[in-house]
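Okay, here's what each chain looks like letter by letter:
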Amino acid sequence: MKTVLVVYNSRSGHTARIARRIWETIIAEGHRADLMDVMEADREGVDWNKYDTVVCGAPVLYGKFRREFVGFVNKWKAVLDEKANSFFCVSVVARTPAKATPEGNAYCRKFITTNPWQPKDVKCFAGKVDYPNWSWIDAKLIQMIMKMTKGPTEPTAVIDYTNWDDVTEYARHVLTLEA
């Protein structure tokens, strides 16, 4: 039986939902798992000795990962390197098959080639367009990006591009990782 920590950063909740599905699947497969936001993990601490495997996930926002996430994984780089680990990124850009892989997703590729923490395993998930629930400025900026990338620009659009079966399969895959 494995013990897994799923730690994530989320801005509007979609990455948290993906992390929760990973956590639920690991438990359903008969393993132990904990789920923590990086802010909670950073402020309250983590008993790293409890975990065989660590899964870290974050969304791409305007081409970058949030500093809270990057700071967390780099702060704990040595601990993460000792364990089986995986990184998943969430990006609306990954809605196209060519950009749904670590090699094809420029933002993910940049993270894994330039960041001090080098995850042993990497996965990209397509995110969610949710204009009505984003701030006015976020909606406008993302509409501009979507216009350039031939994505949805309708201000009432709510489109979940995430392949939830793929998220479940990824969670099962994580259980096969070795340190």
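### Some words on the packing of aromatic side chains
The final tally for this structure, using the stated rule, is 13 aromatic pairs. Relative to Phe111, the ring of Phe69 lies with its centre 6.2 Å away and its plane at 40°, an arrangement referred to as tilted. A residue pair is termed long-range when its members are at least 10 positions apart, and Phe69 in helix H3 (residues 67-75) and Phe111 in helix H5 (residues 106-114) qualify at 42 residues. When its relative accessible area of 0% is taken as the criterion, Phe69 is described as buried. A network of ring pairs unites the aromatic residues Phe65, Phe69, Phe87, Phe111 and Trp117 as a single cluster.

### Notes on H3
For H3, every residue scored as buried is listed here: Phe69, Phe72 and Val73. Axial view of H3: buried residues confined to an arc of 90°, hence all on one face. In H3, those exposed residues whose orientation departs by more than 90 degrees from the buried face are Arg67 and Lys75. Tucked into the core, H3 has its buried residues touching strand S1 (3-8), helix H2 (38-44), strand S3 (53-59), helix H4 (77-82), strand S4 (84-91) and H5.

### A look at the pairing of S4
Of all eight residues in S4, eight are buried; the element is thus mostly enclosed. Side-chain alternation along S4 places Ala84, Ser86, Phe88 and Val90 on one buried face and Asn85, Phe87, Cys89 and Ser91 on a second face that is also buried. Pairing geometry for S3 and S4, over seven bridges, is parallel. Counterpart to Pro59 in the pairing with S4 is Val90. Pairing of S4 with strand S5 (residues 122-126) involves five bridges; the strand directions are parallel.

### Regarding the side chain of Lys83
Locating Lys83 in the fold gives a position in the loop between H4 and S4. Notably, Lys83 is buried but unbridged: the nearest opposite-charge side chain belongs to Glu82, and the N-O separation is 5.8 Å. Apart from the residues lying within four places of it in its own chain, the contact partners of Lys83 are Trp48, Tyr51, Asp52, Val54, Lys120 and Ala179.

### Brief notes about the sheet that holds strand S2 (residues 32-37)
Across the sheet, five strands lie side by side as S2-S1-S3-S4-S5; this open sheet has parallel pairing. Every interior strand has two partners, whereas the edge strands, S2 and S5, have only one. Taken over all neighbouring pairs, the strand axes of this sheet differ in orientation by 20° on average, direction set aside. Each of S3, S4 and S5 touches helix H7 (residues 164-174); the most contacted strand, S5, lies at about 165° to it.

### Remarks on the side chain of Thr53
With respect to the element layout, Thr53 can be found in strand S3. According to the relative accessible area criterion, Thr53 is buried, its value standing at 0%. Among all residues touching Thr53, those that are not within four sequence positions of it are Lys2, Thr3, Val4, Leu5, Ala84 and Val174.

Rules behind the numbers
- Residues numbered from 1 in each chain as written.
- Predicted model: local features only at pLDDT ≥ 70, side-chain atom pairs only at ≥ 80, totals over all residues.
- Heavy atoms only, no water.
- Phe/Tyr/Trp six-rings, centres within 6.5 Å; stacked < 30°, edge-to-face > 60°.
- Helix = DSSP H or I, 4+ residues; strand = E, 2+ residues; numbered from the N terminus.
- Buried < 20%, exposed > 50% of the residue type's maximum accessible area, 1.4 Å probe, protein only.
- Arc of directions from axis to C-beta.
- Contact = heavy atoms within 4.5 Å.
- Pairing = 2+ DSSP bridges.
- Lys, Arg positive; Asp, Glu negative; His and termini not counted.
- Salt bridge = Lys/Arg side-chain N within 4 Å of Asp/Glu carboxyl O.
- Axes fitted to C-alpha atoms, helices over the stretch in contact; angles between N-to-C directions.

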